[in-house]
2 protein chains.
Amino acid sequence: MDIATRVYNHKWKIDPIVRSLIDTDFYKLLMCQSVFRNKSDTQVTFSLINRSTHIPLAHLIDEGELREQLDHIRSLSLSRGESTWLRGNTFYGKRQMFRPDFMEWFENLRLPHYHLERRGDQYELTFEGSWPEVMLWEIPALAVLMELRGRAVLNDMGRFELQVLYARAMTKVWEKIEKLREIDGLSIADFGTRRRHSFLWQDWCVQAMMEGIGGKFTGTSNCLIAMRREVEAIGTNAHELPMVYSALARNDADLAQAPYDVLRDWHDEHEGNLRIILPDTYGTRGFLDNAPDWLAGWTGIRIDSGEPAKGAEIAINWWRDRGEDPRDKRVIFSDGLDVAQIAELHARFSGQVNVSFGWGTLLTNDFRGLVPQEALAPFSLVCKAVSANGHPTVKLSDNPEKAMGPPEEVRRYKRVFGVGAQDAIKVVV
Amino acid sequence: MDIATRVYNHKWKIDPIVRSLIDTDFYKLLMCQSVFRNKSDTQVTFSLINRSTHIPLAHLIDEGELREQLDHIRSLSLSRGESTWLRGNTFYGKRQMFRPDFMEWFENLRLPHYHLERRGDQYELTFEGSWPEVMLWEIPALAVLMELRGRAVLNDMGRFELQVLYARAMTKVWEKIEKLREIDGLSIADFGTRRRHSFLWQDWCVQAMMEGIGGKFTGTSNCLIAMRREVEAIGTNAHELPMVYSALARNDADLAQAPYDVLRDWHDEHEGNLRIILPDTYGTRGFLDNAPDWLAGWTGIRIDSGEPAKGAEIAINWWRDRGEDPRDKRVIFSDGLDVAQIAELHARFSGQVNVSFGWGTLLTNDFRGLVPQEALAPFSLVCKAVSANGHPTVKLSDNPEKAMGPPEEVRRYKRVFGVGAQDAIKVVV
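Residues numbered from 1 in each chain as written. Chains lettered and ligands numbered in written order. Predicted model: local features only at pLDDT ≥ 70, side-chain atom pairs only at ≥ 80, totals over all residues. Heavy atoms only, no water.

A. Molecular detail of the interface of chain A and chain B. In this complex, chain A contributes 18 residues to the contact, which on the side of chain B involves 18 residues. With both chains or domains summed, chain A and chain B bury close to 1700 Å², and 59% of this area falls on carbon and sulfur atoms. When the buried surface of chain A facing chain B is broken down by residue, A:Phe160, A:Arg168 and A:Glu211 rank first, second and third, together holding 34% of it. Taken together, the links from chain A to chain B amount to four salt bridges. For A:Arg168, the salt bridge identified is with B:Glu178, shortest N-O distance 3.2 Å. On the surface where chain A and chain B come into contact, there are 11 residue pairs in polar contact (both at pLDDT 80 or more). For the side of chain A that touches chain B, the elements supplying multiple residues, two or more each, are helix 9 (159-181) and helix 10 (199-213) of chain A. For the side of chain A that touches chain B, the leading source of residues is helix 9 of chain A, giving 12 residues. (Contact = heavy atoms within 4.5 Å. Buried area = accessible area lost by both parts, 1.4 Å probe. Salt bridge = Lys/Arg side-chain N within 4 Å of Asp/Glu carboxyl O. Polar contact = N/O pair within 3.5 Å; in protein donor to acceptor, adjacent residues only side chain to side chain. Helix = DSSP H or I, 4+ residues; strand = E, 2+ residues; numbered from the N terminus.)

So, in structure tokens, the structure goes:
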């Protein structure tokens, strides 16, 4: 390293974890544009939820360091090159995916305030404000917490011990890649930004995938990495849209329609491979049974909770019932995947339907088994919209372990959406 | 990397494997000083011998590249800092180990010509000239051949495939180090210069040993790495001394005395931990049985061929027979060791005698199992004195697989030194 670089690095007061507003998931930006257009005056609260309560985040992470990292994120704004890329790049085959009015707003955006408080051995971290601004906190907040927890463990390790830790982690990723290479017709993307080990590690994993499986790697959800590594930015929409739309519903009839309203707005904006249904927010089966026919014309369905093979069967049967040929459709699996499950699902469903995979935490943060007491193993941390215009949000999903919201509201949603008994599946990441 | 560094690197016509005359084993310099003082006008021939004839070196390594590397070594001379270190450093607790007349000669040294010819799928590589000059070719010549063979394999690999290869190799070394860490009272040095994977890799291994086992790591045989990493330079003497002294003997009576003459010269120069007997050149048992009593006063014995536990038993019993307490003595194991054998020998002999280990090729070049067809596995390549003043040299050792010399001379040496039947042990490295 040359002297100037070293001196320049000394000037950083901290080593920032998130250094760009586009170090975030692509679907966040797509959803943000949709929200900016359709619901920009909605006031929301997002909140950190550590589902892995055995991980005492407030013991592991220094509050001062956490504040420094979050403050640094608040100082970020879109750079000229980032803006040029968002305006000029082709996404999903489309030019000018991001409209000029949205881009102008985004170029002037700074992320809003955060509220941080220690509660026992956990942090309460919340973000309040207008939906399009607050929603952009989700991914960087999660990435900061995951990486600070990792740094706390790494701080106590020697230089060569660290090298060997990364050597082992690299070997682990590469062995997975070697298995993926064997799967004919595989189509897989990196979805691992939010719970990654670190930015540099995610960037390494993406490059290893590019070299290791070539065309089978379809891209990354991370916009900054997609830009730098010149791969596709991947992603469509997430649970926050139906959750907030539903919280805004004024009665049960409106509530029952809210998830379809979301997709109607989306339908107006997007086509082709961006028309992907995420059906599980309030139970996949009821959602599809009650869906309007135009939704059956959409390109695909993303399976993000419950037993994935069961979800895919439901989707395939639904298409058949609606007179669609599943072979023209796409199923995207994205829930806590690892290689064995990817291979199994691919073998089972390819041929019946187009299959792709959004591979997340177990690509970008599989440090299980590498240090004592699993101190670097990933865990289930989320940051969710918990209220909209003062009304609490609810998520049911196809796995009761992932449900959230006040109990009385959960009961109401179950009634409105006709959700009965569900199988619980342990949430790892 | 800064631009200037990058441009500077472009100026190299080749990427030199050996960049310093002290990128060699410490015992070579000790022996060189001894030879410079006692036998400087001896004319010798050193020759490369590939004991692993299934490795077709001349197919794997481009002759032009090999010549470039050897020519580069001929351009090297001792740098001011290297000379200062050799003159000023403490070796084995002694200041001014290298005398001014030797240092002056060494500062002016350039290595002599080499003779390279392709013979089928092997190279014939020989060095002729005065002993103190020619002997310094051994280590760099071996290191160049080993590394060029490795580079030929690595050339075809992708960037991340390479990263993962080294990740796996690092993990392999570290797992060995973790096992060594468990051995109480261990004393182990790096002896892996000659058949290392590469210079950078040896340097990494030494640093990993420093961090990983701390005080149990006693140093490295490599002078350049010892200087840069500020650890002890380790080594005493080798087979070439008795081999050349014996070749110079004018009759059988002189021949029988030659190995003791070597140690008498050494006795005049060195004391303490540098008085280590290497007894196996013409059979350990006979050498010790016929040894003069003053040799029993030496500090230790190095076991470099044959079944190591058997060699150590012979040494211990010999000391007892000569009225010495083995607990005041040292046995150094240095023949093709790996961790399991180190642990076993340590457990068996510590307490009876001081035990240390010179760990070579399986520290600095254990790339077994990391690429297909074992294309990077280490193999048995040596560079030996084959004649002195026109007389062929002979080595018997305690393993007939390691014997060398013309058959009729081997027979004569066996008769003179009373060597009977020997157990053959497969030579891996």
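Now that the structure has been shown, we can carry on.
B. Layout of the UniProt feature "domain: Nicotinate/nicotinamide phosphoribosyltransferase" (unreviewed entry) in chain A. When the UniProt feature table is mapped onto this chain numbering, "domain: Nicotinate/nicotinamide phosphoribosyltransferase" (unreviewed entry) sits at residues 187-420 of chain A. Secondary structure across residues 187-420 of chain A divides into 42% helix and 14% strand, with the first and last C-alpha atoms of the span separated by 34 Å. (UniProt positions renumbered as here; feature names shortened; annotations may be inferred.)

C. Representation of the packing of aromatic side chains. Per the stated rule, a full pass over the model turns up 54 aromatic pairs over all chains. When the ring of B:Tyr166 is compared with that of B:Phe367, the centres are 6.0 Å apart and the planes differ by 75°; the resulting orientation is edge-to-face. Separated by 201 residues along the polypeptide, B:Tyr166 in helix 9 (residues 159-181) and B:Phe367 in the loop between helix 18 (361-364) and strand 10 (381-388) bring together distant segments of the chain. For B:Phe367, a relative accessible area of 0% puts it in the buried group. Residue placement shows A:Lys39 over the ring face of A:Tyr245; its charged tip is 4.4 Å from the ring centre. (Phe/Tyr/Trp six-rings, centres within 6.5 Å; stacked < 30°, edge-to-face > 60°. Buried < 20%, exposed > 50% of the residue type's maximum accessible area, 1.4 Å probe, protein only. Lys NZ or Arg CZ within 6 Å of the ring centre and 35° of its normal.)

D. Region of interest: the pattern of salt bridges. The full count for this structure, using the stated rule, is 66 salt bridges over all chains. The shortest N-O distance in the salt bridge between A:Arg196 and A:Asp23 comes to 2.8 Å. Placement of the pair is A:Arg196 in the loop between strand 4 (188-190) and helix 10 and A:Asp23 in the loop between helix 1 (3-10) and helix 2 (26-38), with a sequence separation of 173 residues. Since its relative accessible area comes to 0%, A:Arg196 is described here as buried. Among the ionic pairs, B:Lys310 bridges to B:Asp423, the shortest N-O distance being 3.7 Å. Taken as a pair, B:Lys310 in helix 16 (residues 308-321) and B:Asp423 in the segment after helix 19 (407-417) lie far apart in primary sequence, 113 residues in all. What emerges from the salt-bridge pattern is a single network uniting A:Asp25, A:Lys28, A:Glu138, A:Arg194 and A:Glu240.

E. How the structure looks around the pairing of strand 9 (residues 354-359) of chain B. Residue and element names in this part refer to chain B. Burial analysis of strand 9 places five of its six residues in the buried class, the great majority of the element. Bridge count for strand 4 (residues 188-190) against strand 9 is three bridges, and the pairing is parallel. Within the sheet, the bridge partner assigned to Ala189 lies in strand 9 and is Gly358. Summarising the sheet, strand 8 (residues 330-333) and strand 9 pair through four bridges and their orientation is parallel. Residue Val331 lies in a different strand from strand 9, and its bridge partner there is Val355. (Pairing = 2+ DSSP bridges.)

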